[in-house]
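Structural characterization, general
These are the residues of each chain, in order.
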Amino acid sequence: MPIEKQSLVCHIGGMDCPDCASKIEKVLNGLPGITAAQVDFASETLSAQLDTPQQVDALRRAVRTLGYDITDKPNRVSSVLEVQGMDCAEEKTLVEKALKDLSGLERFEINLMTARLTVIHDSATLPVAQIITALADVGLRATTFGSPAASGKLWQRHGRLFSTIAAGVFVAVGLILHLLVGQEGVWEKSLYVLAIVSGGWFIARKGVAAIRHGALDMNFLMTVAVIGALAIDAWDEAAMVVFLFALAQVLEGRAMDRARHAVRALMDLAPPVALRIQDDTETTVAVDQIQIGDVIRIRPGEKIPLDGAIIDGRSAVNQAPITGESVPVDKAAGDTVFAGAINGSGSLDVRVSHKSTDTTLAHIIHLIEQAQSARAPAQAFVDRFSKIYTPAVLVLAVLIALLPPLLFDQSLADWFYRALVLLVIACPCALVISTPVAIVSGLARGARAGVLLKGGVHLENAGHLKAIAFDKTGTLTIGKPEVQTTIPLNDTSEAELLRVAASLETRSEHPLALAILDYAKKQNVSASSLKDFQALPGRGVEALVDGERCLLGNHRLFEERGLCTPETEATLDEQERQGQTVVIVGNDRKILGLIAIADSVRPEALGVVTRLHQLGIAHITMLTGDNQGTAWAIAGQLGIDNPQAELLPADKVTAIQQLVEQFGQVGMVGDGVNDAPAMAAATTGIAMGAAGTDAALETADVVLMGDDLTRLPFAIRLSRTTLSVIRSNITLALGLKAIFLVLAVLGLATLWMAVFADAGASLLVIANSLRLLRMRDH
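Read on for a plain summary of the structure.

Rules used in this analysis
Residues numbered from 1 in each chain as written. Predicted model: local features only at pLDDT ≥ 70, side-chain atom pairs only at ≥ 80, totals over all residues. Heavy atoms only, no water. Buried < 20%, exposed > 50% of the residue type's maximum accessible area, 1.4 Å probe, protein only. Helix = DSSP H or I, 4+ residues; strand = E, 2+ residues; numbered from the N terminus. Arc of directions from axis to C-beta. Core = buried A, V, L, I, M, F, W, Y, C linked by side-chain atoms within 4.5 Å. Contact = heavy atoms within 4.5 Å. Patch = residues over 30% accessible without salt bridge, like charges linked within 9 Å, V, L, I, M, F, W, Y side chains within 5 Å. Areas by Shrake-Rupley, 256 points an atom, 1.4 Å probe, with all protein chains shown as cover. Salt bridge = Lys/Arg side-chain N within 4 Å of Asp/Glu carboxyl O. Axes fitted to C-alpha atoms, helices over the stretch in contact; angles between N-to-C directions. Parallel < 35°, antiparallel > 145°, perpendicular 65-115°, else oblique. Nonpolar A, V, L, I, M, F, W, Y, C, P; charged D, E, K, R; others polar. Pairing = 2+ DSSP bridges. Phe/Tyr/Trp six-rings, centres within 6.5 Å; stacked < 30°, edge-to-face > 60°. Lys NZ or Arg CZ within 6 Å of the ring centre and 35° of its normal.

1. Let's talk about helix 4 (residues 128–136)
Among all positions in helix 4, only Ile-131, Ala-134 and Leu-135 are buried. All buried residues of helix 4 project into a common sector of 100 degrees when viewed along the axis, lining one side. With respect to the buried face of helix 4, the exposed residues turned more than 90 degrees away are Ala-129 and Thr-133.

2. Here's the deal with the nonpolar core
Here is a general trend for soluble globular proteins: nonpolar side chains tend to be buried in one another's company. Ile-468, Phe-470, Leu-476, Leu-612, Leu-638, Ile-640 and Leu-712 are the most contacted members of the largest nonpolar core, which has 53 residues in total. The dominant element in this core, judged by the number of residues it contributes, is helix 25 (residues 711–745), at nine residues. When residues no more than four places from it in sequence are discounted, the contact partners of Leu-712 are Ile-468, Phe-470, Leu-612, Val-669, Ile-686 and Leu-704. Ranked by size, the runner-up nonpolar core spans 39 residues in total, among them Val-226, Ala-419, Leu-420 and Ile-425.

3. Re a nonpolar patch on the surface
Nonpolar side chains collect at one region of the surface, where Val-395, Val-398, Leu-399, Leu-402, Leu-403, Leu-406, Leu-407 and Phe-408 lie side by side and expose about 800 Å² of accessible area between them. Along the chain, Val-395 turns up in helix 11 (residues 377–408).

4. Section: the pattern of salt bridges
Counting across every chain of the model gives 17 salt bridges. Its salt-bridge partner being Arg-297, residue Glu-282 comes within 2.7 Å of it at the nearest N-O pair. On the criterion of sequence distance, the pair formed by Glu-282 in strand 10 (residues 281–286) and Arg-297 in strand 11 (residues 295–298) is long-range, its members being 15 residues apart. Residue Glu-282 is classed as partly exposed on the basis of its relative accessible area of 35%. Glu-542 is the partner of Arg-561 in a salt bridge, and the nearest nitrogen-oxygen pair spans 3.0 Å. Within this pair, whereas Arg-561 is found in the loop between helix 18 (555–560) and helix 19 (566–577), its partner Glu-542 is found in strand 21 (residues 540–545), the two being separated by 19 residues in sequence. Overall, the relative accessible area of 8% leaves Glu-542 in the buried class. Each of Glu-282, Arg-297, Arg-299 and Asp-349 takes part in salt bridges that share partners, so that together they form one network.

5. Let's talk about the packing of helix 12 (residues 412–425) against helix 26 (residues 751–770)
In the contact formed by helix 12 and helix 26, the axes pass within 8 Å of each other and the chain directions differ by 10 degrees. When the axis of helix 12 is compared with that of helix 26, the two are roughly parallel. Between helix 12, through Tyr-417, Leu-420, Val-421, Val-424 and Ile-425, and helix 26, the contact on the second element is made entirely by Leu-751, Ala-754, Val-755, Ala-757 and Asp-758. When its residues are assigned to classes, the contact of helix 12 with helix 26 shows nine nonpolar, no polar and one charged.

6. A few points about the pairing of strand 20 (residues 530–536)
Here strand 20 pairs with strand 21 via five bridges, running antiparallel. By the bridge assignment, Ala-535 is partnered in strand 21 with Val-541. Between strand 20 and the antiparallel strand that follows it, strand 21, lie three residues; Gly-538 among them carries a positive phi value of about 75 degrees.

7. Structural notes on the environment of Asp-491
Its location among the elements puts Asp-491 in the loop between strand 19 (477–488) and helix 16 (494–505). On the accessibility criterion, Asp-491 (85% relative accessible area) is exposed. Sequence separation between Asp-491 and Gly-593 is 102 residues; the distance between their C-alpha atoms is 9.4 Å.

8. Examining the packing of aromatic side chains
Under the defined criterion, the tally for this structure stands at zero aromatic pairs. Sitting above the plane of the Trp-415 ring, Arg-418 keeps its charged end 4.1 Å from the centroid. Sitting above the plane of the Phe-714 ring, Arg-711 keeps its charged end 5.2 Å from the centroid.

Shown next as C-alpha cells:
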C-alpha cells in the first residue's frame, strides 16, 4: 500500500545554469526521508516528497549549505495522478491540451511508461479535483496516486474490453447472417450499427474531445473513416474497422501494462507487513509503522521487509533481487540485510536501520522511475522526427483527397477513401513508443540483474564506451590485505616464522598485522606470550617472545640492526617487484624469514577484463594511488593497458579527461564515493558494490548493486542489445508505414488493412522490446 507523503514546493534563487539544478537534486535525493526532489531551472521551482514535516528544515538547510536561497511558495503543491488508458502519444497530447490553459498551473510532467502525471500547481487557484475534471473533459479518467479509488469500478477498469467483446460478437453474428442470407439486410445492418456503437463509443468520445481542443488524433481520424464508410454504404467494413481498432487498442494497452509491470514488480519485492518483536511478543504490523531501531523477525523462506542489521540468527540470504548475486550469501549477527531479499532456512532477528521509504529497494525504485523520464538521445530524435512527420502526412492526405479529382477528373469518393486510409496508417504511435518501451524494458532487466542504469541516456552511453578505467583497491582487488607467501630463512620452519610474527602482531590493529594473524590462525599456529613490547615508529615492533628478543618490520629496521644479507635483499627485491609488501621477521641474531602481503586480485577480474576486450573496448586501464610496482604487477596479471599509479583524486580526474579527449566515450569504475570526482569526469560513472550505500546510488550513472565485477560486461551487453532493439523498432515502424502508405496511394489498401498495419506495428514494437526482459546474464 503506497505511503502518504507530504508534498513541498519552494522557490530556489541563485541558480546560474541547469547544472545548479542537477546538483541540488542529487544532494536532496540523498537525504533520508526525501524522495522525488526535482528542480526546474526555468521556473526556479523545487518540488519534493517528504516522509514527515520535520524533514522540511533539513531540506532547507541542505539547499542553503549549497549556496542557494530557498523560500516557500504558498499553496504550491505537487500532485501525482494516475491516468487510465494513457498508452500512446495521442493520450499524451490530449493531456497537454487539457492542462495548458488552466489558471494556477505551474508545470506538469507526463510519464507515458508509468501512466502518471505530476502537476505543480497552486492548490487554492487550481485544486486537484479541477485537474481531474479537465482530464475527464478530454475522455481521460485520472485519480490521485495511491488513492483507494485508483482501482475504480469494474466498468471503469474493463469497460473498453467489454465493449470490444460486444462489438466482436455483433460483427461476427452480422457476417454469419450475411453469408447465410446472401445479402445485407436490415438485421445485418442493425447488428453492424450495434457493433459500431459498442466498439466505437470510447473512440468517438476521445476523437470529439481531441478536435474540440484543436488536436487531430487517431481517434478522430477513425471516427471520420467510419462515418465515411457508412456514407458510401460500406456497413460491414465500418463495423469491422471499429472492432479491429478497438481490439488493437485493448491489446496495445495490455502490452503496455506488461512493460509497466516489469518495473512495478520491483515494488512487490518487499512484503507489506513485518513481524515486530517487543517484550518477547510478536506482532504483525504494516511496514510503514516500523521505526528505525525496532526489531523484526524474519522466518525461514520469508522476504525481508526492511533494511537492517542482524542481531540474532544465521541464515543464507538470497540477495538476487537487490544485488543480482546468483548464490545466496551466508549472514550472521552484525551483517546487513536488504528489503526485498529472501531469507533461507534460518530465523533472523533484525534491527531496522531504514524506514520503508528509505530502504535500498525504495531508492532503486525511485531512481528507476526518475530514469524513465530521462530521455535517451534516440528518443529525442524520434520526438523531433514525429513533429515533422505527422504534419507532413496530414498535408499529403489533403493533397491526395483533392488534387486527383480537381486536376484529373478522378472520383472524389475514391480518392477521399484513399486519403482516409493514408491517415489511419500514418499514425505515428508505433514510432513514438519504439524507444521508451525498449528503454524501460532495458532498465527493468538491468535492475533484476543488480545493474541500475539511471536513465535512457546512460543506458545508451554504456553501449558506446570505447575505454574503461578501473580503480584498483576494492574494485579490481578484494580490498583486504592477505598473506600471499611465506619465505622461511636460516633453517627456520614456516610454523616458527608464523609463531613469532603472530606473537609480535597481537597488539596491533594495522591491516598488515590483521592479515598475518588471520593467516596464522588458518595454519593452526598460536601466538606465544609477549613481554617488553616496543613500537618502533616508521620501522616496526620489538618484544620478548618466550624470553627471546624478536623483531618484525621493514627493510630499514633490519638494515640498521645489521642483519640483512645480499641474499635476503635479492629475495626482498623480487617480492616487491611483484607488487607485494614484505614484512621481515627475525631475532637479535638473524632473520627468520619474510612474509609477503598483498591485496588479492578478485578471482573474476581477469575474466572480466578479457570479456571487455572481446566486447570491443579499445583501451582498459587502471588508476590507483598505490605504488608503481603494485600497479604494474596487478596490470600484468589482468592484461590491463598502461596503468597509472601514485595518483591523487585530482590526478585521476586529469587522467579521465585525457582519456575522454582520446577516446570520446569513457567509463570510470570505482566505489562511488572516493572516486566520485573521476566518475563525474567520465562520460559514464560506474559504482560497484553499492547496495546499501546512498552516496554511491546518487553519484554514479550506472550502479552495480552487488560486489560483482561480472555485472559490468552484462551492463554493456544490455546497453548494446537495447540500442539494437531501438534501431529495429524504428526500422520496423517506419518500414511498415512506408509500405502501406504506398499501397494506400495506389488504392490497394483498405481501411481495415490500415488498422491492422497500424496496430500490428505497435504490437510488434512492444513485443520486440519485451524480449529484453528475457535477456540472459551471460
